[in-house]
Amino acid sequence: MLPVKDKSVLSKPELNDILLHADWDLLREKVMQDREIVRYLMRRAYVKDGLLFWRAVEAIGIAAEAIDAQIPGYAAELVRRYLWQLNDESGGTAWNASEVIGSIMAHCPKQCGHFHWQLANLIEDDSLSQGALWGLARLALVSPENVYPVAELVLPLLESPDPELRGRAVLIKALMPDWDHLVTPPAEDKQFDDSVEIELYFNDQLRKYAIAELYHPEFLYK
């Protein structure tokens, strides 16, 4: 069993510094000493305020992977906890849960890839849809076989009038060439502005991408 201390081995400023510098090796070291760090990261991910929010989301996935190596089932239980908090019966609100679930699944695809339908179904919630699509894109980078079954929920968004949704759907489709035979050409009267930019977090960076760039996302593979 991993040791759990009453007092965190990191102060909040120290943990924020880890996020600021994306020092994931140090995070793994510290989280193995104190799993309570994950609770702070979860609270930090409640507020979507730019790069540090996304680094917290990333950190939860990294921490889940590290802990799961010592405590099998930890990552899956964390996903289940977030999904439960999204139920009305829970009485709580899991802010930005879709992003966090996607991060955990991307870092732990073998342990959590089977939650693909639960993540994809979050697309139907306007407050969770962008995060769910980002999570599916992250999962597609490492485990496309777990994304393949949810094509029916993603592909219709290729014709969404919302550039945030369409751009993310374009990206997922580009990462899923096995979906090619499922795509029908858009109606001739539908025209999309692929110069529109959307903000996405990948490879520890938060930046804007033109939708046109997302059709050929080789730059995401590092």
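As a reminder, the structure under discussion sits directly above these lines.
Just so we're clear, the structure is a prediction, and the values are computed from it rather than from any experiment. (Residues numbered from 1 in each chain as written. Predicted model: local features only at pLDDT ≥ 70, side-chain atom pairs only at ≥ 80, totals over all residues. Heavy atoms only, no water.)

S.K.: Hey, could you go over the pattern of salt bridges for me, with residue numbers and the actual values?
M.R.: Counting across every chain of the model gives ten salt bridges. A salt bridge links Arg166 to Asp194; its shortest N-O distance comes to 3.0 Å. On the criterion of sequence distance, the pair formed by Arg166 in helix H11 (residues 163-175) and Asp194 in the loop between H11 and strand S1 (197-202) is long-range, its members being 28 residues apart. Taking relative accessible area as the criterion, Arg166 reaches 3% and is therefore assigned buried. (Salt bridge = Lys/Arg side-chain N within 4 Å of Asp/Glu carboxyl O. Helix = DSSP H or I, 4+ residues; strand = E, 2+ residues; numbered from the N terminus. Buried < 20%, exposed > 50% of the residue type's maximum accessible area, 1.4 Å probe, protein only.)

S.K.: Can you tell me about the packing of helix H5 (residues 74-85) against helix H6 (residues 97-107), naming the residues and giving the values?
M.R.: Two elements in contact, H5 and H6, have axes whose closest approach is 10 Å; the angle formed by their N-to-C orientations is 165°. Comparing the axis directions of H5 and H6 gives the class roughly antiparallel. In this structure, H5 crosses over H6, and the sense of that crossing is left-handed. Two secondary-structure elements touch here, H5 through Ala75, Leu78, Val79, Tyr82 and Leu83 and H6 through Ala97, Val100, Ile101 and Ile104. Looking at side-chain class alone, the contact of H5 with H6 contains nine nonpolar, no polar and no charged residues. (Axes fitted to C-alpha atoms, helices over the stretch in contact; angles between N-to-C directions. Parallel < 35°, antiparallel > 145°, perpendicular 65-115°, else oblique. Left-handed = near helix turned anticlockwise from the far one by under 90°. Contact = heavy atoms within 4.5 Å. Nonpolar A, V, L, I, M, F, W, Y, C, P; charged D, E, K, R; others polar.)

S.K.: I'd like to hear about the pairing of S1, residue by residue, with values.
M.R.: Every other side chain in a regular strand lies on the same face of the sheet, so the side chains alternate between the two faces. Across six bridges, S1 lies against strand S2 (residues 205-210) in antiparallel orientation. Bridge pairing in S2 places Ile198 opposite Tyr209. Two successive antiparallel strands, S1 and S2, enclose a turn made up of two residues, where Asn203 displays a positive phi of approximately 50°. (Pairing = 2+ DSSP bridges.)

S.K.: How would you explain unusual backbone geometry if you had to name every residue and give the values?
M.R.: Located in the positive-phi region is Asn203, a residue other than glycine, with phi close to 50°. Looking at where Asn203 falls in the secondary structure, it is placed in the loop between S1 and S2. Although it is not a glycine, Asp204 sits at a positive phi angle of roughly 70°.

S.K.: Could you give an account of the packing of aromatic side chains, naming the residues involved and the relevant values?
M.R.: A full pass over the atoms with the stated rule returns five aromatic pairs. Geometrically, the ring pair formed by Trp54 and Tyr201 is stacked, given 5.7 Å between the ring centres and 10° between the ring planes. With a gap of 147 residues between them, Trp54 in helix H4 (residues 51-70) and Tyr201 in strand S1 connect regions that are remote in the sequence. Note on Trp54: relative accessible area 10%, which makes it buried. Ring centres of Trp134 and Phe202 lie 6.4 Å apart, and the angle between their planes is 45°; this geometry places the pair in the tilted category. Here Trp134, found in helix H9 (residues 129-142), pairs with Phe202, found in strand S1; they are 68 residues apart in sequence, far enough to count as distant. You can call Phe202 buried: its relative accessible area is 4%. Within the aromatic cluster, the residues linked to one another by ring pairs are Phe53, Trp54, Trp134, Tyr201 and Phe202. The ring of Tyr209 is capped by Arg207, whose NZ or CZ atom sits 3.9 Å from the centre of that ring. (Phe/Tyr/Trp six-rings, centres within 6.5 Å; stacked < 30°, edge-to-face > 60°. Lys NZ or Arg CZ within 6 Å of the ring centre and 35° of its normal.)

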